[in-house]
Amino acid sequence: MATGRGWILRQHCKGLVRTAEEIPWQLRLPPVDAAWASPPAPLDRAPGPYFFRRPSIFKSLELLEKSGGNLKKYHTFYLMESCSKPQEISPSPHDWTWRKRERDTLATRNLKGSDVMLNPKPSEQSTMCERHCAKSSSKLSMHIEGMPSEILLKIFSYLDAVTLLCIGCVNKRFYSLANDNFIWYRIYSASFSPKRSNWEMNAVEKTAVSLSHTSLHDKETGYWKKKYIVKQIAAGKTAVTQLLKPVNPYTGLPVKTKEALRVSGLSWVIVLKEKNGKEYIMEQAEFSVNDTSVTVVWHGNNWPRIDKLATLDLCGVTPVFLDRYKVPTKNGPRRRSLVAEYNLTNLTKSTSIGSDRLIRTFCLNPGLLVGLWKKEKEMAFVMANLHFHLLVERSTLGSATVPYMLPPHIPFLDDIDQQYGLHGYQLHVDMHSGGSSYLCGTFRNLFSRKDFIKNGYMKLIVISFKNNAQHLPLIGKVGLCWKTDVFAGCIQNCYMMDVTLLDETEKPFWCFSSPVCMRPATRPSDFFNYRGHHFYVTYIDSVGKVNLELVWMEETEEYYVVSLALYLRIEKVNSWFGTNY
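Because the structure is predicted, anything quoted here is derived from the model rather than measured. Per chain, residues are indexed from 1 in the order of the written sequence. Given that the model is predicted, a residue must reach a pLDDT of at least 70 before its local features are reported, and side-chain atom pairs must reach 80 or more before they are shown or counted; all residues, however, enter totals for whole chains, interfaces and linings. The side-chain quantities take in all heavy atoms of the structure and omit both hydrogens and water.

### Structural notes on the overall build of the protein chain
Where we set the bar: To qualify as a helix, a DSSP run of H or I must reach at least 4 residues; to qualify as a strand, a run of E must reach at least 2; elements of each kind are numbered from the N terminus. Relative accessibility decides the category of a residue: with a 1.4 Å probe and only protein chains considered, values under 20% of the type maximum give buried, values over 50% give exposed, and everything between is partly exposed. Residue-level accessible areas treat just the shown protein chains as cover; the underlying method is Shrake-Rupley with a 1.4 Å probe.
The secondary structure content of the protein chain amounts to 14 helices and 25 strands. Relative to its full complement of 581 residues, the protein chain shows a buried share of 41%. With an accessible surface of roughly 33800 Å², the protein chain has 55% of that area assigned to carbon and sulfur atoms.

### Some thoughts on the sheet that holds strand 3 (residues 267–274)
So the rule is basically this: Here, any two strands with at least 2 DSSP bridges between them count as paired. Axis geometry follows a simple rule: fit a line to the C-alpha atoms, using only the stretch in contact for helices, then measure angles between N-to-C directions, giving values from 0 to 180 degrees.
Spatially, the 4 strands line up as an open sheet ordered 4-3-7-8, and their pairing is antiparallel. Lying at the two open borders of the sheet, with one neighbouring strand each, are strand 4 (279–283) and strand 8 (334–343). When strand polarity is set aside, the average angle formed by the axes of neighbouring strands in this sheet is 25°. As judged from the 5 bridges shared by strand 3 and strand 4, these two strands associate in the antiparallel manner. Bridging across to strand 4, Val271 finds its partner in Ile281.

### Here's the deal with unusual backbone geometry
The omega angle of the peptide bond from Asn365 to Pro366 is 5°, so this bond is cis rather than trans. One can find Pro366 in the loop between strand 10 (359–364) and strand 11 (368–373). Of note, the phi angle at Asn455 is positive, near 55°, even though the residue is not glycine. Its location among the elements puts Asn455 in the loop between strand 15 (453–454) and strand 16 (457–463).

### Brief notes about the packing of aromatic side chains
Note the cut-off: For Phe, Tyr and Trp, rings pair up if their centres lie within 6.5 Å, where Trp contributes its six-membered ring, and each pair is then called stacked (planes under 30 degrees apart), edge-to-face (over 60) or tilted (otherwise).
This model, assessed by the stated rule, comprises 22 aromatic pairs. For the pair Tyr438 and Tyr495, a centre-to-centre distance of 6.3 Å together with 80° between the ring planes defines the contact as edge-to-face. Highlighted residues: Tyr438 in strand 14 (residues 436–446) and Tyr495 in strand 20 (residues 494–502), separated in sequence by 57 residues. Assessed through its relative accessible area of 5%, Tyr438 is described here as buried. When its relative accessible area of 0% is taken as the criterion, Tyr495 is described as buried. Considering the side-chain rings of Phe535 and Tyr559, the 5.6 Å spacing of their centres and the 75° angle between planes classify their relative orientation as edge-to-face.

### Brief notes about the side chain of Thr579
Applicable threshold: Polar contacts, as used here, are pairs of N or O atoms within 3.5 Å; protein pairs need one atom able to donate a hydrogen and one able to accept it. Residues neighboring in sequence count only if both atoms are side-chain atoms. Contacts: residue pairs with any heavy atoms within 4.5 Å of one another.
The residue Thr579 is located in the segment after helix 14 (570–577) in this model. A distance of 2.9 Å separates a polar atom in the side chain of Thr579 from a polar atom in the side chain of Asn574. If near-sequence neighbours (up to four positions away) are discounted, Thr579 is found in contact with Tyr420, Val573 and Asn574.

### Regarding the nonpolar core
To keep things clear, this is the line we draw: Among the buried residues, those of types Ala, Val, Leu, Ile, Met, Phe, Trp, Tyr and Cys that are joined through side-chain atoms within 4.5 Å form a nonpolar core.
In this structure, Tyr425, Tyr495 and Met497 are the most contacted members of the largest nonpolar core, which totals 41 residues. With 5 residues, the top contributor of residues to this core is strand 25 (residues 558–569).

### Focus: the sheet that holds strand 13 (residues 425–433)
Pairing is antiparallel across the open sheet formed by 4 strands, whose spatial order is 14-13-20-21. Single-partner strands in this sheet number two, and they are strand 14 and strand 21 (508–517). If you compare each strand with its neighbour and ignore which way they point, the axes differ by 10° on average. Relative to strand 14, strand 13 runs antiparallel, the two sharing 8 bridges. Paired with His428 across the bridge in strand 14 is Thr442. Contacts between helix 14 and the sheet are confined to strand 13 and strand 21, with strand 21 contributing the most and set at about 150° to the helix.

### What to know about the packing of helix 9 (residues 181–191) against helix 11 (residues 223–243)
Note the threshold: Geometric relationships in this document are graded by angle, where less than 35 degrees denotes roughly parallel, more than 145 denotes roughly antiparallel, 65 to 115 denotes roughly perpendicular, and other angles denote oblique. Handedness of a helix crossing follows the sense of rotation of the near helix relative to the far helix, less than a right angle counterclockwise being left-handed and clockwise being right-handed. By the convention adopted, Pro, Cys, Tyr, Trp, Phe, Met, Ile, Leu, Val and Ala count as nonpolar, Lys, Arg, Asp and Glu as charged, and the other residues, Gly among them, as polar.
It is the contact of helix 9 with helix 11, at a shortest axis distance of 7 Å, that shows an interaxial angle of 30°. The pairing of helix 9 with helix 11 is recorded here as roughly parallel in orientation. You can see that helix 9 and helix 11 cross each other, and the crossing is left-handed. Each of Asn181, Trp184, Tyr185, Ile187, Tyr188 and Ser191 in helix 9 lies in contact with helix 11, whose residues at this interface are Tyr223, Trp224, Lys225, Lys227, Tyr228, Lys231 and Gln232. When the residues that make up the contact of helix 9 with helix 11 are grouped by side-chain class, the tally is 7 nonpolar, 3 polar and 3 charged.

### Considerations on the pairing of strand 19 (residues 488–492)
Regular strands place side chains that alternate from one sheet face to the opposite one. As judged from the 5 bridges shared by strand 18 (residues 479–483) and strand 19, these two strands associate in the antiparallel manner. Note that in strand 19 the partner of Cys481 across the bridge is Cys490. Counted along the chain from strand 18 to the antiparallel partner strand 19, the turn is 4 residues long.

### Here's the deal with the pattern of salt bridges
In plain terms, the rule: Throughout this description, the term salt bridge denotes a Lys or Arg side-chain nitrogen within 4 Å of a carboxyl oxygen of Asp or Glu.
For the structure shown, the criterion picks out 4 salt bridges. Among the salt bridges present, the one from Asp313 reaches Lys273, with a minimum N-O distance of 2.9 Å. A residue pair is termed long-range when its members are at least 10 positions apart, and Asp313 in strand 7 (residues 309–319) and Lys273 in strand 3 qualify at 40 residues. A relative accessible area of 5% means that Asp313 is categorised as buried. In this structure Lys273 comes out as partly exposed when scored by relative accessible area, which is 25%. Between Lys483 and Glu286 there is a salt bridge, with its nearest N and O atoms 3.0 Å apart. Of this pair, Lys483 sits in strand 18 while Glu286 sits in strand 5 (residues 286–289); the two residues are 197 residues apart in sequence, bridging distant segments of the chain. A relative accessible area of 28% means that Glu286 is categorised as partly exposed.

Next up, the structure:
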């Protein structure tokens, strides 16, 4: 009998193994007694629990190469490939009895010319299946990479832009094919079609279209891909900018900031960097919107060791392709913008703001709170409080290594007003934590005098000691709430404070959001008309500082704000207003 590829193909086309009668006599199963035989099998099924299926032509060629031209070995491999038991079909009790009896009689019988047993044990059968699946998957990947470029381009033409960008990250060949100008030109034309459409095109328009398709060959590879991405980013920025135009007259901040965050798909990540350069990226776990700020929390069980970390980068992340009707996915292409960089070696006693029985918290400016477990001294959570002022711009317009640079401020000079820059201020303050607001109010017509300028600071009195009518209570039990995957708690006498100071033209002059802590006062003020424990809060940055004094009232069990003063650096005032104080 002739052997070879041609004979195998002809035998396969004729149906080499269809029924049990066509199986070579050397490989036939032992006779089955009528008393325990299974019901009559269909045409493509042999007696017993085995199904016979013809392998494909490519599989037959593979089996021929495996057998080395030996027809007996080829028949053995062909039979083992054809006899399969689908897992989704439950066998009858007769099949299980037949299978048990067959295993007892043929447990030690090997096929001649082959090392494969007709009825392997379950452990051996599972091992064979695992090897076969691993081999099949490797061959599948080899077949995909071995496809002609024309077929791959045809497949890529049915993919969307996000999937094409992901496909380009597989290897160099896929990257080159995924940059095809014809594919990206079709995507670009579908997304940015001309506004004017005609029922019929005249001869001039048809000529222009044909010339445009011809010019695709002249463009460099990836030209339309870059153009599509740039235009998509520009369109997304335009949509977000339109939402940020309306301004709240009380806070001087955009009214639709929350909607802009949703449309832009903006989220935040932290990048933990070790001293040896290794990076860990942590996705945000929780997100909440306050009156004038956003609180973002990260917690989990996969934190690196704190003693090995050097810096922490807070970055805003936005999807490259914005779609307000779809929720952005983490697996799609995203852009990263550096918001702030923090030095984790500064977690010392001077930056600690409070603790409870489980954790100790540290504050890093601007607005970052780091919680460490007391026993293990490992990270428990990270909380960032971000002020609304230029939040979207800082989180989207920077790069992964360089933060967004604020546009230069051009001062408006006024030669008539001799007190220019010392009056007309407006303050909006919000004290909150865990969704609870302790104090939220607006203070207008704040002013200062030249004799109030001391030690390089200009003083603005918001709440005076002497005026009892200005004293305000803090509503609720004051405490900074925190939560992880397992534990939760509250640090007493700590909260988040958001400050928005507007100048006389109602433009933001000084904005910050930061965790603060109320500390016991060592010496009470002479102006206090209240009996109780005295506390103070201090915040300092490059623009100014805030001094807040409170009294704990035992009768009503609440805090009263009896003094609030802002100190602005005179250098900031002179550069903002163009004055020379």
